[in-house]
Every structure is written in structure tokens, then in C-alpha cells.
Amino acid sequence: MAIRTILTMDDPALGKKCRPVTEFDGKLADLLDDMKETLAVANGVGLAGPQIGILRRVAIVLDAKDNAIELVNPEILEQSGEQTGLEGCLSVPGRYGTVTRPDHVKVRAQDRHGNFFEVEGEAVTARCFCHEIEHLDGHIFVEHVIGPLYTTEELDQIMSEGEG
């Protein structure tokens, strides 16, 4: 396994639509393993192929119990409810913004062997499914931000003021 470099939002690869995965082989398995390792080292909750320069429809999402869900050729089947909250991205380091997303999402995808499955998520997991699948279509969360983007320092200050 290898740690991959995470591209930042000025990289044109992040604005490109990804191609479907058609070969379910050792190369795909290695890619998914590298993505999980990269995600763990980066301390994130999701990572999509284009974020590491791979323009294929692959993503990793951590669920509420920190289990890694491998999504190959994912598509959102259902979404309901609404949540508004802070969101960040490994490709937009140190910046956070308020985004509205569905509160419940059902996704259909394939696993590393090509088998189809469905998975559902709520709250942060639903947010992450939407965020990562949007990466596969060439979009970044900043396109949905309501209001300003905050730096880590500004966010820390807002949070500390909220506690006082």
C-alpha cells in the first residue's frame, strides 16, 4: 500500500467528470487499499478518486462507526430530509463552510469485486456520500457554501465564542 498525494482545489483534475470502473482486478484493489491508507493518514472521513488524480468513479467513505465503505461506480438512489452544517474537504485544506445536504441518503455501488450493493447513511455519513459522489462529477463543496469560507483559526474562534 502507498500514501497518495491529495490534490488541492487549484488542480484541474478536480473539475473533471470521472469514468466508470470497468475492470475489477488487483489494480483496483490496490487503488482502494491506497485510498483507505491515504484517508487514514489525512484524518478525513471521505476520499474520492479525483482527489488523488485518478479519474475513475471510486470513493471511500467512513460510516458513523469509522468503518470504511468502498464505493465503486456509486449513484445516489434516494435522499430525504435536510441538514445544514459545516463541511470541509481534504482538497481544500484549512477551509470550512456551511452547506445544506440531505439528512438521509441511499447509495447503490459496486464493491472491489464488481458485486452490487446498497448502503444507507444519515447525518454525517449522508453528507459524506453526497460530498464524495460530487467529486466524481467534477464538483467541490465550495460550490454549495452558504456564506463565507472560514479558516481553521476563524472556525476555532467562532466555536470558542459559542461556548462562552
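Residues numbered from 1 in each chain as written. Predicted model: local features only at pLDDT ≥ 70, side-chain atom pairs only at ≥ 80, totals over all residues. Heavy atoms only, no water.

Asker: What is the right way to read the nonpolar core from this model?
Answerer: In this structure, Val 61, Ile 69, Leu 71, Val 105, Val 107, Val 119 and Phe 129 are the most contacted members of the largest nonpolar core, which totals 16 residues. Secondary structure elements with two or more residues in this core: strand S2 (58-62), strand S3 (68-80), strand S6 (104-110) and helix H2 (124-136). Counting residues per element, this core draws most heavily on H2, which supplies six residues. Not counting residues up to four positions away in its chain, the partners in contact with Val 61 are Val 45, Gly 46, Asn 67, Ala 68, Ile 69, Leu 71, Thr 125, Cys 128, Phe 129 and Glu 132. Core analysis: the next-biggest nonpolar cluster, separate from the first, contains twelve residues, Leu 31, Leu 32, Leu 39 and Leu 62 among them. (Core = buried A, V, L, I, M, F, W, Y, C linked by side-chain atoms within 4.5 Å. Buried < 20%, exposed > 50% of the residue type's maximum accessible area, 1.4 Å probe, protein only. Helix = DSSP H or I, 4+ residues; strand = E, 2+ residues; numbered from the N terminus. Contact = heavy atoms within 4.5 Å.)

Asker: Looking at this structure, how should I read the sheet that holds S6?
Answerer: Each strand in a sheet pairs with another by means of backbone hydrogen bonds, the pair being arranged parallel or else antiparallel. Taken in spatial order, the five strands line up as S1-S2-S3-S6-S7 in an open sheet, and their pairing is antiparallel. Each of the sheet's edge strands pairs with one partner strand only, and the pair in question is strand S1 (46-48) and strand S7 (116-122). Averaged over neighbouring strand pairs, the angle between their axes works out to 35° when direction is ignored. Where S1 and S2 come together, three bridges link them in antiparallel fashion. Opposite Ala 48, over in S2, you have Ala 59 as the bridge partner. The strands touched by helix H1 (residues 26-42) are S1, S2 and S3; relative to S2, the strand with the most contacts, the crossing angle is about 40°. (Pairing = 2+ DSSP bridges. Axes fitted to C-alpha atoms, helices over the stretch in contact; angles between N-to-C directions.)

Asker: I'm lost on H2 in this one. Help?
Answerer: For an α-helix the count is 3.6 residues per turn, leaving residues at separations of three or four pointing the same way. With 13 residues, H2 ought to run about 18 Å at 1.5 Å a step, and its terminal C-alpha atoms sit 19 Å apart, in line with that. Most of H2 sits out of view: twelve of its 13 residues are buried. Along H2, the positions that sit buried rather than exposed are Thr 125, Ala 126, Arg 127, Cys 128, Phe 129, Cys 130, His 131, Glu 132, Ile 133, Glu 134, His 135 and Leu 136. One or two steps after H2, the chain reaches Gly 138, where phi turns positive at roughly 85°. (Expected span 1.5 Å × (residues − 1).)

Asker: Could you clarify how one ought to interpret the packing of aromatic side chains in this entry?
Answerer: Between two aromatic rings, the relevant description is the distance of the centres plus the angle of the planes. Enumeration over the complete set of coordinates arrives at zero aromatic pairs. When the ring centre of Phe 116 is taken as origin, the NZ or CZ atom of Arg 108, which lies over that ring, is 4.1 Å away. (Phe/Tyr/Trp six-rings, centres within 6.5 Å; stacked < 30°, edge-to-face > 60°. Lys NZ or Arg CZ within 6 Å of the ring centre and 35° of its normal.)

Asker: In this structure, what is going on with the environment of Gly 138? I would like to understand it.
Answerer: On the secondary structure map, Gly 138 appears in the loop between H2 and strand S8 (146-151). What Gly 138 contacts, discounting residues up to four positions off in sequence, is Leu 14, Gly 15, Lys 16, Lys 17 and Glu 143.

Asker: Whenever I open this one, the environment of Thr 22 confuses me. Can you help?
Answerer: Looking at the secondary structure, you find Thr 22 in the segment before H1. Since its relative accessible area comes to 66%, Thr 22 is described here as exposed. When the C-alpha atoms of Thr 22 and Asp 156 are compared, they prove to be 44 Å apart, with 134 residues separating the residues in sequence.

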